[in-house]
Amino acid sequence: MQIPFGIVFLRPPVVIFVVAMLITRFIALLLLAVTAAAPAAAQTFYGPAHVIDGDTIVVDTANIRLHGIDAPEQDQQCIRGGASWTCGAESTAFLHAAIGDDLVICRVTDLDRYSRFVATCSASLVDLNALMVRQGYALAYRRYSLDYVADEADAEAAGRGLWSGEFVPPWD
């Protein structure tokens, strides 16, 4: 019997191998498409952190803005006891001390207008965003979140950090 032109008969093991390869490639392409289409909120960064200021860190190569808080800029001055004090530098130093040598995990919630990741970060199971506000070194950034309003009220009532003197809110 003669096989018609163009028809190829494959042995069963070869057919199984070819089908398995096609399925594997399809799954890989599907995973690539899903990952590429995933929102920033699906990302997590983990590792040592470099502190930029009281509300911004770098983990790996990702610039991360701490979600729901706003801290004074590094060079911002505040007034305490009638004298100027470097509240921005103190805020940065507090975040640096809070992290220490611990590894940081950041769960991304959004991207900001500067294409930084916005995330809730923790070190040693401590929510750094909440800690910065609760200790008075950052304010609850109500424009974007109400998550840390109670922490801010606690800091203000106790006169901690920025609340120990006079300051211009970081967003002004």
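Definitions and cut-offs
- Residues numbered from 1 in each chain as written.
- Predicted model: local features only at pLDDT ≥ 70, side-chain atom pairs only at ≥ 80, totals over all residues.
- Heavy atoms only, no water.
- Helix = DSSP H or I, 4+ residues; strand = E, 2+ residues; numbered from the N terminus.
- Expected span 1.5 Å × (residues − 1).
- Buried < 20%, exposed > 50% of the residue type's maximum accessible area, 1.4 Å probe, protein only.
- Arc of directions from axis to C-beta.
- Phe/Tyr/Trp six-rings, centres within 6.5 Å; stacked < 30°, edge-to-face > 60°.
- Lys NZ or Arg CZ within 6 Å of the ring centre and 35° of its normal.

Asks: Lay out helix 2 (residues 87-99) in plain terms, naming residues and giving numbers.
Replies: The first and last C-alpha atoms of helix 2 sit 18 Å apart over 13 residues, in line with the 18 Å expected at 1.5 Å per residue. Among the residues making up helix 2, those that are buried are Cys87, Gly88, Ser91, Thr92, Leu95 and Ile99. Taken end-on, helix 2 shows its buried residues confined to a sector of 145 degrees, consistent with a single buried face. Residues of helix 2 that are exposed and angled more than 90 degrees away from the buried face: His96 and Ala97. Count one or two residues on from helix 2 and you reach Gly100, which has phi positive near 55 degrees.

Asks: Requested: an account of the packing of aromatic side chains, with residues and values cited.
Replies: Taken as a whole and assessed by the stated rule, the structure comprises 5 aromatic pairs. Ring centres of Phe45 and Phe117 lie 4.9 Å apart, and the angle between their planes is 55 degrees; this geometry places the pair in the tilted category. With Phe45 in strand 1 (residues 44-47) and Phe117 in strand 9 (residues 117-123), this residue pair connects regions lying 72 residues apart in the sequence. For the pair Phe45 and Phe117, a shared accessibility class is recorded, and that class is buried. Relative to Tyr137, the ring of Phe94 has its centre 4.5 Å away and its plane inclined at 20 degrees; by these criteria the two rings are stacked. Here Phe94 is found in helix 2, whereas its partner Tyr137 is found in the loop between helix 3 (128-134) and strand 11 (139-140), with 43 residues between them in sequence. On the basis of relative accessibility, which here comes to 15%, the residue Tyr137 falls in the buried class. Pairwise contacts between aromatic rings join Tyr141, Tyr144 and Trp171 into one cluster. A cation sits over an aromatic face here: Arg80 above Trp85, 3.7 Å from the ring centre.

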